[in-house]
Amino acid sequence: MERLFFIPEKKVAYIELIYDLIFVYLIGRNNSLMDKLEGGFVSFDTFFTYLATSLIILQIWYHSALFINRFGKDGIAEKLMMLINMFLLYFIGTNTVNDWGANYLAYMAAWVLIFLNLAAQYAWKLRTETDENARKVLKQFIVLLLVQAAVAAVSVPVYRATGYAYGAWAMVIGYVGMFLIAAPVQFEHLTERMMLYVVFTFGEMIISVAGYFSEGFSFSTLYFSLMSFLVVAGLFFSYGIVYDKLLDRTRETYAMGYMILHIVLILSLTNITNALEFMQEPSVDAVKKALLMTISLLLYFLCLALTMRWSNRQVKNRRNVLLLLFAEFAAYILAVFLTLRSNQITVLLTVVLIYLQLWTLYRAETRILASTEHSA
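Please read all numbers here as calculations on a predicted model, not as lab measurements.

**Quick look at the pattern of salt bridges**
Here is step 1: Following the criterion strictly, the structure yields 9 salt bridges and no others.
Here is step 2: Lysine 36 serves as the salt-bridge partner of aspartate 99, at 3.6 Å between the closest nitrogen and oxygen. Placement of the pair is aspartate 99 in the loop between α3 (76–94) and α4 (103–126) and lysine 36 in the loop between α1 (14–32) and α2 (44–71), with a sequence separation of 63 residues.
Here is step 3: On the accessibility criterion, aspartate 99 (59% relative accessible area) is exposed.
Here is step 4: Look at lysine 36 and you get partly exposed, because its relative accessible area is 30%.
Here is step 5: Residues aspartate 74 and lysine 79 are paired through a salt bridge, measuring 3.9 Å at the closest nitrogen-oxygen approach.
Here is step 6: On the accessibility criterion, aspartate 74 (40% relative accessible area) is partly exposed.
Here is step 7: Lysine 79 sits in the partly exposed class, given a relative accessible area of 33%.
Here is step 8: Put simply, Glu16, Asp20 and Arg193 are held in one network by salt bridges that share partners.

As structure tokens, this is what we get:
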């Protein structure tokens with residue numbers, strides 16, 4: 001791949017780790033939206049709000065991560081601007097609600113200020129950048145962020161006049177713009193940053209599973225807490241095999257496809273968390289919570305399978321691995337819907353599927369090792 005501009009090798013900075021901690025809080029706030037049930041499940045409006053707010057905080061994270069990845073020098077100005085965004089993100093989290101009302105103004109005001117702060121970061125870097133290709137990318141992101149800020153700001157009077165919260169269109173514009181602006185990334189740094197976000201998402205899942213232990217001792221509590229813990233562990237190790245053993249993190253790439261996959265993967269993880277919380281709730285519709293779990297797991301393992309596109313060059317028989325993963329999942333879907341009314345069987349089948357998928361990924365990794373040793 002022809003480089004548009006040079007990106008030096010970099011490690012994840014300490015300030016980035018601190019910055020990411022605020023997103024642990026935000027993930028929890030967004031997941032709490034799914035607690036509102038209507039007619040045995042989450043309404044479309046509630047789910048849309050949950051999805052929109054999740055994509056908004058993911059985009060804020062991506063904007064910051066991409067700036068640091070491409071242009072970051074770990075300077076004082078960058079650290080100060082990241083700390084300002086952290087403070088503003090508290091207002092985003094506090095005002096994340098199902099019924100916007102008076103919260104809409106505070107949410108949008110914080111979001112607009114985050115846009116302007118990010119645009120200021122790019123403008124600050126533009127002052128000293130001499131590479132013409134880099135300057136072009138910097139200008140494109142400044143324009144994108146200012147357009148997003150304008151759309152979010154104008155949505156406030158529109159909401160007050162009509163009740164229509166169209167500010168989410170700023171998020172849509174942002175994703176389209178981010179993926180249309182052709183610019184390389186430092187892939188090793190970016191994959192490590194995304195891995196950390198995934199780990200924080202697993203952290204929220206662990207906190208949710210802990211809720212089972214507060215319900216008093218019974219066979220049902222013990223069973224669901226154990227099954228849920230096995231689900232979390234299996235999903236975590238599945239991601240770990242792909243990230244640590246199969247991913248070629250040294251390649252040169254724009255990584256847009258990898259980023260899109262991780263958006264879907266992170267959203268699927270948060271919905272697996274929601275499905276686990278619903279599993280023991282008799283008031284939640286059995287078919288709908290089984291669908292939520294099935295679709296979320298399918299998306300998660302589909303993302304892991306497609307991530308193998310960025311795998312080590314020694315991987316062989318990748319097509320056979322993918323076919324086996326899909327065959328296992330097809331058997332799981334059939335088994336779940338044959339035993340739909342039993343939450344105990346559904347969660348057990350889920351555990352069996354996850355560890356079958358984990359074993360398949362592990363076998364793919366051992367084939368890489370065997371192939372490498374043979375070639376050596």
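**Quick word on the nonpolar core**
Here is step 1: Phe23, Trp111, Leu235, Ile272, Leu297 and Tyr300 are the most contacted members of the largest nonpolar core, which has 128 residues in total.
Here is step 2: With sequence-adjacent residues up to four places away left out, tyrosine 300 is seen in contact with Phe202, Leu235, Tyr239, Leu265, Ser268, Leu269 and Ile272.

**Points about the packing of aromatic side chains**
Here is step 1: Counted according to the given criterion, the structure contains 28 aromatic pairs.
Here is step 2: Judged by centre distance (6.5 Å) and plane angle (25°), the ring pair of phenylalanine 44 and phenylalanine 48 falls under stacked. Placement of the pair is phenylalanine 44 and phenylalanine 48 together in helix α2, with a separation of 4 residues, close to one helical turn.
Here is step 3: Overall, phenylalanine 48 belongs to the partly exposed group, its relative accessible area being 47%.
Here is step 4: Positioned above the aromatic ring of tryptophan 124 is the side chain of arginine 127, whose terminal nitrogen or guanidinium carbon lies 4.1 Å from the ring centre.
Here is step 5: Above the plane of the ring of tryptophan 310 lies arginine 309, whose end atom (NZ or CZ) is 4.7 Å from the centre.

**Here's the deal with the confidence of the model for the protein**
Here is step 1: Residues with a pLDDT of 70 or more make up 93% of the protein, whose mean pLDDT is 87.
Here is step 2: The lowest-confidence element of the protein is helix α12 (residues 343–375), averaging 78 in pLDDT; the highest-confidence one is α4, averaging 95.

**Some points on α2**
Here is step 1: Helix length check: α2 (28 residues) gives 40 Å between terminal C-alpha atoms against 40 Å at 1.5 Å per residue, within 8%.
Here is step 2: Counting buried positions along α2 yields 23 of 28 residues, so the element is predominantly enclosed.

**Some words on the packing of helix α9 (residues 256–279) against helix α10 (residues 286–307)**
Here is step 1: Their axes nearest at 8 Å, the elements α9 and α10 cross at an angle of 150°. Here α9 lies roughly antiparallel to α10, going by the angle between them. Once α9 is placed against α10, the crossing between them reads as left-handed.

**Comments concerning the environment of threonine 191**
Here is step 1: Along the chain, threonine 191 falls in helix α7 (residues 187–209).
Here is step 2: Threonine 191 sits in the buried class, given a relative accessible area of 0%.
Here is step 3: Contact partners of threonine 191, with chain neighbours within four places excluded, come to Tyr243, Leu247, Arg249 and Tyr258.
Here is step 4: Here the side chain of threonine 191 touches glutamate 188 through a polar contact of 2.9 Å, landing on its backbone oxygen.

**Observations regarding the packing of α2 against helix α5 (residues 132–162)**
Here is step 1: Where α2 meets α5, the closest approach of the two axes is 12 Å, and the angle between their N-to-C directions is 165°. With respect to α5, the axis of α2 lies roughly antiparallel. The crossing of α2 and α5 is left-handed. Contacts between α2 and α5 involve Gln59, His63, Arg70 and Phe71 on the former and, on the latter, Ala134, Val137, Leu138, Phe141, Leu144, Leu145 and Gln148.
Here is step 2: Residue composition of the contact of α2 with α5, grouped by class: 7 nonpolar, 3 polar and 1 charged.

**Thoughts on unusual backbone geometry**
Here is step 1: Although it is not a glycine, aspartate 74 adopts a positive phi angle of roughly 60°.
Here is step 2: Phi angles above zero are rare outside glycine, and alanine 255 is one such case at about 65°.
Here is step 3: Looking at the secondary structure, you find alanine 255 in the loop between α8 (219–246) and α9.

**Here we look at the side chain of threonine 307**
Here is step 1: Within the secondary structure, threonine 307 is located in helix α10.
Here is step 2: If near-sequence neighbours (up to four positions away) are discounted, threonine 307 is found in contact with Val242, Leu247, Tyr258 and Leu261.

**Here we look at the environment of histidine 63**
Here is step 1: Turning to its location among the elements, histidine 63 is positioned in helix α2.
Here is step 2: Separated by 187 residues in sequence, histidine 63 and threonine 250 place their C-alpha atoms 22 Å apart.
Here is step 3: Residues within four places of histidine 63 in sequence aside, it is in contact with Leu118, Tyr122, Phe141, Leu144, Leu145, Gln148 and Met178.

Thresholds, definitions, all that
Residues numbered from 1 in each chain as written. Predicted model: local features only at pLDDT ≥ 70, side-chain atom pairs only at ≥ 80, totals over all residues. Heavy atoms only, no water. Salt bridge = Lys/Arg side-chain N within 4 Å of Asp/Glu carboxyl O. Helix = DSSP H or I, 4+ residues; strand = E, 2+ residues; numbered from the N terminus. Buried < 20%, exposed > 50% of the residue type's maximum accessible area, 1.4 Å probe, protein only. Core = buried A, V, L, I, M, F, W, Y, C linked by side-chain atoms within 4.5 Å. Contact = heavy atoms within 4.5 Å. Phe/Tyr/Trp six-rings, centres within 6.5 Å; stacked < 30°, edge-to-face > 60°. Lys NZ or Arg CZ within 6 Å of the ring centre and 35° of its normal. pLDDT = per-residue confidence, 0-100. Expected span 1.5 Å × (residues − 1). Axes fitted to C-alpha atoms, helices over the stretch in contact; angles between N-to-C directions. Parallel < 35°, antiparallel > 145°, perpendicular 65-115°, else oblique. Left-handed = near helix turned anticlockwise from the far one by under 90°. Polar contact = N/O pair within 3.5 Å; in protein donor to acceptor, adjacent residues only side chain to side chain. Nonpolar A, V, L, I, M, F, W, Y, C, P; charged D, E, K, R; others polar.

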